[in-house]
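Residue strings, one per chain:
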Amino acid sequence: MAKELSKTYDPSEIEDRIYQRWLEKKYFHAEVDPSKEAYSIVMPPPNITGQLHMGHALDGTMQDILIRYRRMQGYSALWQPGTDHASIATEVKITNKLKEEGIDKHELGREGFLKKAWQWREEYGGRIVEQQKKMGFSADWDRQRFTMDEGCSKAVKEVFVRLYEKGYIYRGNRIVNWCPVCHTSISDAEVEYEEQHGHFWHIKYPIVGEDGYVEIATTRPETLLGDTAVAVNPDDERYTHLVGKMLKLPLTDREIPVIADSYVDREFGTGCVKITPAHDPNDFEVGKRHNLEQINILNDDATMNDKCGKYAGMDRYEARKAMVEDLDKLGLLVKVVDHVHNVGTHDRCKTTVEPMVKKQWFVRMDELAKPALAAIQNGDLQFVPESFGKTYTHWLENIRDWCISRQLWWGHRIPAWYCDDCGEVIVSRDTPDTCPKCGSHHLTQDPDSLDTWFSSALWPFSTLGWPDETPEYKYFYPTDVLVTGYDIIFFWVIRMVFSGYEQTGKSPFHTVLIHGLVRDSQGRKMSKSLGNGIDPLEVVDKYGADALRLTLMTGNAPGNDMRFYWERVESSRNFANKVWNASRFIMMNSEGVDTSAVTLDTLEDSDRWMLSKVNRLAKDVTANLDKYELGIALQKVYDFIWEEFCDWYIEMVKPRFYQSGNEKSRAAACWTLKTVLIQALKMLHPYMPFITEEIFCNLQDEEESIMVSKWPEYREDWNFAQTEDTIERMKEAVRAIRAVRTSMNVPPSRRADVYVVAEKPEVRKAFEDGMDYFKALGYAENVRIQADKTGIAADAVSAVTADAVMYMPFSDLVDADKEIARLEKEEKRLAGELKRSNGMLNNEKFLSRAPKEKVDEEKAKLEKYQQMMDQVQKELAHLKKMSK
RNA sequence: GGAGAUAUAGCUCAGCUGGGAGAGCAUUUGCUUGACGUGUAAAAGGUCGCAGGUUCGAGUCCUGUUGUCUCCACCA
């Protein structure tokens, strides 16, 4: 036992040591154990390029709390960690790094690049894991996985082939979002819309064979070169006569038709729309309906291609400028109007995406979405908070086919091969060597790789060994809860759910616990560009992981954002210090005290009160945790420890340690202090793992770690409701005395003689029993307990509670007017309560319709307030008489 | 355009199934009591956005309304 604990808690010397010990003891490791119930959470895999940020810290803390809680409850609790290869993020990062070294990615070639990428992963991929460990996360690191490891890659291939064979994966020419910087297609979910100030260019398209023209308005004049029609609404009388006629496309020698399509909004712009099927998703659809040619005018880097005549080779914006100038010279530019519109950008690099027609692989979503939708309706899947289920449903109901191919090297290569001789497409788990159609051996694998989310969608089961029926898969799958931010529902949660149903027949988890964003103190999103991010590791360094975890969890409600303040971390640190010092007090005073003879019967009332309180706390906190109310559970533990345990119980107990003699009483106090503290520490442990472990190990010898100790359970023999009530009344009496003293500016050093007047014998007994602490807490010199006012000075100051009045003779301090004012204020307050209570009890409908217990409760309140009122009025009358 | 969230003390936020408004920080005034001043005691501070409704009873449920925020869709 550490006897020389420092006065303030210093996490820095403790956290790493404890974490190492946990690792050595393999406490984080979860085994397949049929004698236990399984509980599992898969950790959202952070990108290997990532650094731990506040979002990770919050997300991980919540998971760690759930896992530690269940582990202590006796579950075989697996927290499955791992990292994500993050294809595009990583590829961009490595490409840039190579560039700095003067190496061009394309010169390296695919193999060379991948070699570099793997090297990079070896070097930096584990960085974030080390940071997670600093947070105290109890994930099963022995089971770490990587989305591109052998097993996960096997799962990816398996799923691809299965979906292909079912016809759910297809390859086709579609409009995709193309990132000209990353040179790859991206999915709809990766496009971020950003409001930009642009222009509307109104351009004339002359009618062939007539003098007139059609005026169109466009925000992207350069796409004119890819126009293959101009569309008008079929019901728009202004233009019906033009339908079917040809227009001369400016700056080219092409002629394009005027077509009618209901897609066109008559009210918007000029009511005439240029149709560019190769570079606009809507136009693509229109083009298909009218069999229009698709003319791609862009290279992959968004420069104009060789179909663009004099503009070929120009960047898209250069070409725009040049073309507008040329149109103006030709007299075809009518006007330029300022226009604010949303422009799609790539969420990784913020480049404006270009819609382009490309041959890509897609997942057909309609069938896959069905069971995922049903799950939320039939309750197999629930969101906490519930409202996010609506977001989920809305997204699924409007889901479009998922573009899964990426023109990247870092990632899972698409398991499709093309026969060089006959063009046959072969999709296979293993590399084929002959074409099944023509027998050729000249096969070329598709160069593309898969969207990162294709592999993360399988994470809950690929990490457990699927597609093999491993013991882990059978035991831990489906997992229990998925914890994530609301920003990731579309990218990830939905894809995991439909993949889970399709591949395993089950939802991969029954609950999705959603948390909000950690924002800066002004409520702004923490971001690199703003430079307002706070590094969780910096917080850990300064205040300890426990303090950070506590900060992130206090007042945290599911789905709600929170703001980060250093002041909040400080108050968390203060709480840690409080816990530390309470423990220090107990250890200092329990030395040499033999508690072996203590039984429930030898406890005093204050001990029973405390035991009963912590007992109910266990019940409440457990219920809250089961409902994922992590913030509420924490609040209860926090309040219990600080207020009830430290400010009341420890103070009540002190006299028993400082008086000589009465070993029995001291032993009872000692036992209760330790027992209650241990219970409270256990409940605090999921939130503050380090400090609770440190204290736990110093405080007792029976168990080797709080991590694997038993979670507190409610027990009937610790329920002392009656005693709780008694002590609460004693607390009330103490508070009343303190309030009176403060109002009279009596310093604690000035002890008073206190006369307690109580009619009821049981009340007098409570004061007798609690004499020692009552004296200490109420700053009393002598206490006399009696049934009436005999022998009390007429000018003694009174403090009133429901069933007792306490008198203190402070003749030199009494200011009658102030006293009257104080009592009148109290009288006013009580009058309000009485009015409310009487109002309810005189209400016939309340008496007849409210539950009986509520009525009884109210009657008891009325009685209490009435008693207090009587006393206050009596004192007032007395005072007024005296002061005359 | 569609959907959702939120509105509670000076600030930041809790408030579970409806039954006497809470915390932290900040503020005021005390306290060298032998765990802790990273402490302790007492206090001040709110018409729970606004208007209706349901109910014996609404911060809590319903409707409308206003402000703020977010997501989705997107009109060339």
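All values reported here derive from a predicted model rather than from experimental measurement.

The next thing to look at is the protein's contact with RNA strand B. With respect to spatial proximity, 66 residues lie near RNA strand B, and among them Phe268, Asn282, Tyr658, Arg849 and Tyr865 are the closest. Within 4 Å of the protein, atoms of RNA strand B come from sugar and phosphate in 61% of cases. Between RNA strand B and the protein, one listed contact pairs a sugar or linking oxygen with a side-chain N or O atom of Asn577 at 3.0 Å. One of the side-chain nitrogen or oxygen atoms of Tyr658 is found 2.3 Å away from a phosphate oxygen of RNA strand B. Examining the composition of the surface near RNA strand B, we find that 10 residues originate from one element, helix α17 (residues 566–590), more than from any other. Across the surface near RNA strand B, the residue classes break down as 25 nonpolar, 19 polar and 22 charged.

In total, this model carries 37 aromatic pairs according to the counting rule given. Ring geometry for Phe461 versus Tyr477: centroids 5.8 Å apart, planes at 80 degrees, classification edge-to-face. Of this pair, Phe461 sits in helix α12 (residues 459–462) while Tyr477 sits in the loop between α13 (471–476) and β22 (481–485), placing them 16 residues apart in sequence. Considering the side-chain rings of Phe640 and Phe645, the 6.5 Å spacing of their centres and the 20 degrees angle between planes classify their relative orientation as stacked. When sorted by exposure, Phe640 lands in the same class as Phe645, which is buried. Here the aromatic residues Phe160, Tyr164, Trp361, Trp402, Phe454 and Phe498 are joined through ring pairs into a cluster of three or more. Against the face of Trp141 rests Lys133, its NZ or CZ located 5.5 Å from the ring centre. A cation sits over an aromatic face here: Lys358 above Trp178, 4.2 Å from the ring centre.

It is worth spelling out the pairing of strand β8 (residues 213–218) at this point. Across six bridges, the pairing between strand β7 (residues 191–206) and β8 is antiparallel. Bridge assignment links Tyr205 to a residue of β8, and that residue is Val214.

Now for the packing of helix α20 (residues 663–684) against helix α21 (residues 689–699). The interhelical angle for the contact between α20 and α21, taken along N-to-C directions, is 150 degrees, at an axis separation of 10 Å. Relative to α21, α20 is oriented roughly antiparallel. Of the two elements, α20 crosses α21, and the hand of that crossing is left-handed. On α21, the residues that touch Lys674, Leu677, Ile678, Leu681, Lys682 and Leu684 of α20 are Thr692, Ile695, Phe696 and Leu699. Grouping the constituent residues of the contact of α20 with α21 by class yields seven nonpolar, one polar and two charged.

Attention shifts here to the nonpolar core. Core analysis: the largest hydrophobic core is formed by 135 residues, its most contacted members being Phe645, Tyr687, Phe767, Phe774 and Met806. For this core, the element with the most residues is helix α19 (residues 630–658), which contributes 14 residues. Counting residues in each nonpolar core, the second largest holds 59 residues, with Leu78, Val156, Leu482 and Tyr501 among its members.

Mapped onto the elements, Pro250 comes out in the loop between β10 (246–248) and β11 (255–260). The class of Pro250 is buried, set by a relative accessible area of 3%. Here Pro250 is in contact with Lys204, Tyr205, Pro206, Leu224, Leu327 and Leu332, once residues within four sequence places are set aside.

What follows concerns unusual backbone geometry. Following Trp466, the chain continues into Pro467 via a peptide bond in cis, with omega recorded as 15 degrees. As for its position among the elements, Pro467 is in the loop between α12 and α13. Note the cis peptide between Tyr477 and Pro478, where omega equals -5 degrees. Here Pro478 lies in the loop between α13 and β22. At His183, a position not held by glycine, the phi torsion is positive, near 55 degrees. If you trace the backbone, His183 turns up in the loop between β5 (169–179) and β6 (184–186).

So, on to the confidence of the model for chain A. Counting all residues, the mean pLDDT for chain A is 92, and 100% of those residues have values of 70 or more. At the level of chain-chain contacts, confidence expressed as ipTM amounts to 0.95, with global pTM at 0.93.

By secondary structure assignment, the location of Val614 is in helix α18 (residues 605–626). Take Val614: its relative accessible area is 0%, and that puts it in the buried class. Distance from Val614 to Glu644, taken between C-alpha atoms, is 9.4 Å for residues 30 residues apart in sequence.

Spatially, the four strands line up as an open sheet ordered β10-β11-β9-β12, and their pairing is mixed. Since the sheet does not close on itself, it has two edges, and those belong to β10 and β12 (272–275), each with one partner. Within the sheet, the average angular offset between the axes of one strand and its neighbour, ignoring direction, is 35 degrees. As judged from the four bridges shared by strand β9 (residues 229–232) and β12, these two strands associate in the antiparallel manner. Along β12, the bridge assignment pairs Val230 with Lys274.

Our focus in this paragraph is the state of the cysteines. By the definition in use, this model includes zero disulfides. Free of any disulfide, Cys435 has its nearest cysteine sulfur in Cys422, 3.6 Å distant. By relative accessible area, which is 2% here, Cys435 ends up buried. Note on Cys438: no disulfide assigned, nearest cysteine sulfur contributed by Cys419 at a separation of 3.5 Å.

Moving on to the sheet that holds strand β23 (residues 511–515). Strand order in the open sheet made by the three strands is β15-β23-β22, with parallel pairing throughout. Both edges of this open sheet fall to β15 (382–384) and β22, since each of them pairs with a single strand only. Here the strands of the sheet are splayed against their neighbours by 25 degrees on average, with no regard to which way each runs. Relative to β23, β15 runs parallel, the two being bridged by three bridges. Bridging across to β23, Gln382 finds its partner in Thr511.

Our focus in this paragraph is helix α8 (residues 316–329). Taking 1.5 Å per residue, 14 residues should reach 20 Å; α8 reaches 20 Å between its end C-alpha atoms and fits that length. Within α8, burial applies to Arg316, Ala319, Arg320, Ala322, Met323, Val324, Asp326 and Leu327. Residues of α8 that are buried sit in contact with β7, β13 (333–346) and β14 (354–363). The residue sitting at the N-terminus of α8 and contributing the capping side-chain oxygen is Asp315; that oxygen lies 2.9 Å from the backbone nitrogen of Tyr317. The positive-phi residue at the C-terminal boundary of α8 is Gly331, with phi of around 75 degrees.

Let us now look at the side chain of Asp84. Its place among the elements puts Asp84 in the loop between β3 (82–83) and α3 (87–100). For the buried Asp84, no salt bridge exists, and the shortest N-O distance to an oppositely charged side chain is 7.9 Å, to Arg348. Polar side-chain contacts of Asp84 include one of 2.6 Å to the backbone nitrogen of Ala86.

For the rest of this paragraph, the subject is the environment of Phe137. You can see Phe137 is positioned in the loop between α5 (127–134) and β4 (145–146). A sequence separation of 56 residues divides Phe137 from Pro81, and the C-alpha atoms of the two residues are 10.0 Å apart. Phe137 has contacts with Tyr19, Phe28, His56, Ala57, Gly60, Thr61, Asp64, Trp79, Gln132 and Arg549, leaving out every residue within four places of it along the chain.

Now for the pattern of salt bridges. The final tally for this structure, using the stated rule, is 67 salt bridges. Here Lys166 ties to Glu502 by a salt bridge, and the two come within 2.9 Å at their closest N and O atoms. With Lys166 in the loop between α6 (150–165) and β5 and Glu502 in helix α14 (residues 489–504), the pair connects residues that are 336 residues apart, well separated along the chain. The exposure class of Lys166 is partly exposed, given its relative accessible area of 49%.

Conventions and cut-offs
Residues numbered from 1 in each chain as written. Chains lettered and ligands numbered in written order. Predicted model: local features only at pLDDT ≥ 70, side-chain atom pairs only at ≥ 80, totals over all residues. Heavy atoms only, no water. Near = heavy atom within 4 Å. Polar contact = N/O pair within 3.5 Å; in protein donor to acceptor, adjacent residues only side chain to side chain. Helix = DSSP H or I, 4+ residues; strand = E, 2+ residues; numbered from the N terminus. Nonpolar A, V, L, I, M, F, W, Y, C, P; charged D, E, K, R; others polar. Phe/Tyr/Trp six-rings, centres within 6.5 Å; stacked < 30°, edge-to-face > 60°. Buried < 20%, exposed > 50% of the residue type's maximum accessible area, 1.4 Å probe, protein only. Lys NZ or Arg CZ within 6 Å of the ring centre and 35° of its normal. Pairing = 2+ DSSP bridges. Axes fitted to C-alpha atoms, helices over the stretch in contact; angles between N-to-C directions. Parallel < 35°, antiparallel > 145°, perpendicular 65-115°, else oblique. Left-handed = near helix turned anticlockwise from the far one by under 90°. Contact = heavy atoms within 4.5 Å. Core = buried A, V, L, I, M, F, W, Y, C linked by side-chain atoms within 4.5 Å. pLDDT = per-residue confidence, 0-100. Disulfide = S-S within 2.5 Å. Expected span 1.5 Å × (residues − 1). Lys, Arg positive; Asp, Glu negative; His and termini not counted. Salt bridge = Lys/Arg side-chain N within 4 Å of Asp/Glu carboxyl O.

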